[in-house]
Amino acid sequence: QHKDAYQAILDGVKGGTKEKRLAAQFIPKFFKHFPELADSAINAQLDLCEDEDVSIRRQAIKELPQFATGDNLPRVADILTQLLQSDDSAEFNLVNNALLSIFKMDAKGTLGGLFSQILQGEDIVRERAIKFLSTKLKTLPEEVMTKEVEEFILTESKKVLEDVTGEEFVLFMKILSGLKSLQTVSGRQQLVELVAEQADLEQTFNPSDPDCVDRLLQCTRQAVPLFSKNVHSTKFVTYFCEHVLPNLGSLTTPVEGLDIQLEVLKLLAEMSSFCGDMEKLESNLKKLFDKLLEYMPLPPEEAENGENAGSEEPKLQFSYVECLLYSFHQLGRKLPDFLTAKLNAEKLKDFKIRLQYFARGLQVYIRQLRLALQGKTGEALKTEENKIKVVALKITNNINVLIKDLFHIPPSYKSTVTLSWKPVQKADASQKRASEDTTSSSPPKKASAGPKRDARQIYNPPSGKYSSNLGSFSYEQRGGFRGGRGRGWGGRGNRSRGRIY
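Residues numbered from 1 in each chain as written. Predicted model: local features only at pLDDT ≥ 70, side-chain atom pairs only at ≥ 80, totals over all residues. Heavy atoms only, no water.

1. Thoughts on the overall build of the protein
Looking only at helices and strands, the protein features 20 helices and zero strands. Considering only contacts within the protein whose residues lie at least 6 apart along the sequence, 75% involve residues at least 24 apart. Summing over all exposed atoms, the protein offers an accessible surface of approximately 23,800 Å²; the carbon and sulfur share of this is 50%. (Helix = DSSP H or I, 4+ residues; strand = E, 2+ residues; numbered from the N terminus. Contact = heavy atoms within 4.5 Å. Areas by Shrake-Rupley, 256 points an atom, 1.4 Å probe, with all protein chains shown as cover.)

See below:
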């Protein structure tokens, strides 16, 4: 009946500023009454969304959700996703709000628009659409985020994960691990399998390729919080024992200032607690044992007068030994007769001598550290120097407990310690993990790639007979991502460019 009048409003988008302002308000207001002009109306509103006048653009964007009816919704979602590339902060916020409002009308339709741009849109749109999902999904109520919607997110995410950069991968892990349906044991298992696929654990490991090493570490960091007594780390632990440990000395990293060897050993230690039945357990335990020996020196030979015969005191690398000893202790539980039945008497004797020598050095440091920290509380313990000493004391105490266990006849694997860089768990660890399996599974915070990483400090204890390098202790000070990944990590294939309104 009033079709001509509505057509006149649509034509207003070609007029002056006043006509455009009126059009921006009236096109959406009467949109539902003229289904036969739907396409023309949406296109007219789009022209206004790209107007040179910022106030007209904002008005047009604000009204876009009114067009999101029936079959038009995915198209509106697609358009709004493309508009995320706006650099005007008020406009950008309007786009975010508009997307959230249509999400509540039809979550799957909105996700369809977002994922189509993630898979095919411009890089800036892809990047902002992924960030939108990683920050906004968790704010949506349960009635919006139904099981069906979560399954759709998982299916579409798997398509995207076939070709992602390292940073995108971390964001998708954040998105997926926040989904309620993936916070169960089977959900965690699915996520671990996704990470293993990204890590490409079937490929030959190349320690001299920084990207190959970085990829493995980034993926492993995403997997670590998912492991529990029900979700095993066996695949990753096996890969580390068979491929990474033998090449520990030749690892390269694109991250400046990162102690890559310590980083690898920390990840192995964390995973070792949740390792299931391993096929080549004895062979991998042997690799771990051999690597541990490299950091457990024999005592220097003494001359007849009791002084060192010219040889220097070996450095005791406590941080490395804590990780290796802990991993050996965890896996050793699965083969408790390894030291007594699998090693010959000579090797076992050699190991005991090394343990004893290390324990002597350890006692000296523990005494020095306790003395240095004696009587200090509150603020005094917060200075950088004392923080490092507190961690150093944790490391040395941990090693001390583990060495005592191995000195038992036969060696024992009963003691439990909390790794020095992990917070002390007040609740029983196994109960904590069991409850985690049915509740939350948030991934670790991504470390800032800023100066924090270079703030690593090395603890040099008071000089004396056993000088040492304790390495660095802050688990959060990890390297960021680099662009330009090979096989999918940065080198994404050619996607169509330009607007797909």
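2. Observations concerning the pattern of salt bridges
Side-chain pairs of opposite charge can arise whenever the charged atoms involved come near each other. By the definition in use, this model includes 21 salt bridges. Measuring nitrogen to oxygen at the nearest pair gives 3.2 Å for the salt bridge that ties K291 to E294. In this pair, K291 and E294 are both assigned in helix α15 (residues 281-294), three residues apart and thus about one turn of the helix distant. A relative accessible area of 8% means that K291 is categorised as buried. (Salt bridge = Lys/Arg side-chain N within 4 Å of Asp/Glu carboxyl O. Buried < 20%, exposed > 50% of the residue type's maximum accessible area, 1.4 Å probe, protein only.)

3. Remarks on the environment of R21
Turning to its location among the elements, R21 is positioned in helix α2 (residues 17-29). Apart from the residues within four sequence positions on either side, R21 is in contact with D53, S55 and I56. One polar contact links R21 to S55, side chain to side chain, over a distance of 3.0 Å. (Polar contact = N/O pair within 3.5 Å; in protein donor to acceptor, adjacent residues only side chain to side chain.)

4. Regarding helix α18 (residues 345-373)
Here α18 spans 41 Å end to end across 29 residues, near enough to the 42 Å set by a 1.5 Å rise per residue. Remark: G375 follows α18 within two positions and exhibits a positive phi of approximately 75°. (Expected span 1.5 Å × (residues − 1).)

5. Focus: the environment of K352
By the element assignment, K352 lies in helix α18. In this structure the C-alpha to C-alpha distance between K352 and L406, which are 54 residues apart in sequence, comes to 8.6 Å. Leave out the neighbours within four places in its chain, and K352 touches L406, F407, H408 and I409.

6. Quick look at unusual backbone geometry
Residues I409 and P410 are joined by a peptide bond in cis, for which omega reads -10°. Along the polypeptide, P410 turns up in the loop between α19 (384-407) and α20 (429-436). A positive phi angle is found at D200, which is not glycine, with a value near 55°. On the secondary structure map, D200 appears in the loop between α11 (185-199) and α12 (210-223).

7. Some details on the side chain of E63
Its place among the elements puts E63 in helix α4 (residues 54-63). Comment: no salt bridge for buried E63; closest opposite-charge side chain is K62, at 5.7 Å. A polar contact is formed between the side chain of E63 and the side chain of Q59, at a distance of 3.1 Å. Among the polar contacts listed, one links the side chain of E63 to the side chain of Q66, at a separation of 2.5 Å. Not counting the four nearest positions on each side in its chain, E63 is found in contact with A24, P28 and Q45. (Lys, Arg positive; Asp, Glu negative; His and termini not counted.)

8. Some thoughts on the packing of α11 against α12
Their axes nearest at 9 Å, the elements α11 and α12 cross at an angle of 175°. Classified by the angle between their axes, α11 and α12 sit roughly antiparallel to one another. Counted together, V195, Q198 and A199 of α11 and R215, L216, C219, Q222 and A223 of α12 form the full contact between these two elements. Taken together, the residues of the contact of α11 with α12 break down into five nonpolar, two polar and one charged. (Axes fitted to C-alpha atoms, helices over the stretch in contact; angles between N-to-C directions. Parallel < 35°, antiparallel > 145°, perpendicular 65-115°, else oblique. Nonpolar A, V, L, I, M, F, W, Y, C, P; charged D, E, K, R; others polar.)

9. Regarding the packing of aromatic side chains
Inspection of every chain in the model, using the stated rule, returns twelve aromatic pairs. Where F289 meets F328, the ring centres are 5.8 Å apart and the plane angle is 45°; that geometry is what we call tilted. One end of the pair, F289, is in helix α15; the other, F328, is in helix α16 (residues 318-332), with 39 residues separating them in the sequence. An angle of 85° between the planes, with centres 5.3 Å apart, marks the rings of F318 and F358 as edge-to-face. In this pair, F318 sits in helix α16 while F358 sits in helix α18, placing the two residues 40 residues apart along the sequence. By relative accessible area, which is 0% here, F318 ends up buried. For F358, a relative accessible area of 0% gives the class buried. Each residue in the set F289, F328, F338 and F351 is aromatic and connected to the rest through ring pairs, giving one cluster. (Phe/Tyr/Trp six-rings, centres within 6.5 Å; stacked < 30°, edge-to-face > 60°.)

10. Observations concerning helix α8 (residues 123-136)
Residues three or four positions apart in an α-helix share a direction because the helix packs 3.6 residues into each turn. Between the first and last C-alpha of α8 there are 20 Å, a value that for 14 residues agrees with the 20 Å anticipated at 1.5 Å per step. In this structure, the buried residues of α8 make contact with α5 (73-83), α6 (89-105), α7 (107-120), α9 (147-161) and α10 (166-177).

11. Here we look at the confidence of the model for the protein
Caution applies to low-pLDDT regions: their predicted coordinates should not be interpreted in detail. The predicted model of the protein averages 83 in pLDDT, with 82% of residues at 70 or higher. pLDDT under 50 marks residues 427-488. Its contacts with residues more than four places away, or in other chains, come to 153 contacts. Within the model, pLDDT remains below 50 along residues 490-501, and this stretch shows 39 contacts once partners closer than five positions in the same chain are excluded. (pLDDT = per-residue confidence, 0-100.)

12. Regarding the packing of α12 against helix α13 (residues 234-244)
For the pair α12 and α13, the least separation of the axes is 12 Å and the interaxial angle reads 155°. Compared by their axis directions, α12 and α13 come out roughly antiparallel. Here α12 runs over α13; the crossing is left-handed. Contact residues: α12 offers L216, T220 and A223, while α13 offers F236, Y239, F240 and V244. Of the residues contributing to the contact of α12 with α13, the split by class is six nonpolar, one polar and no charged. (Left-handed = near helix turned anticlockwise from the far one by under 90°.)

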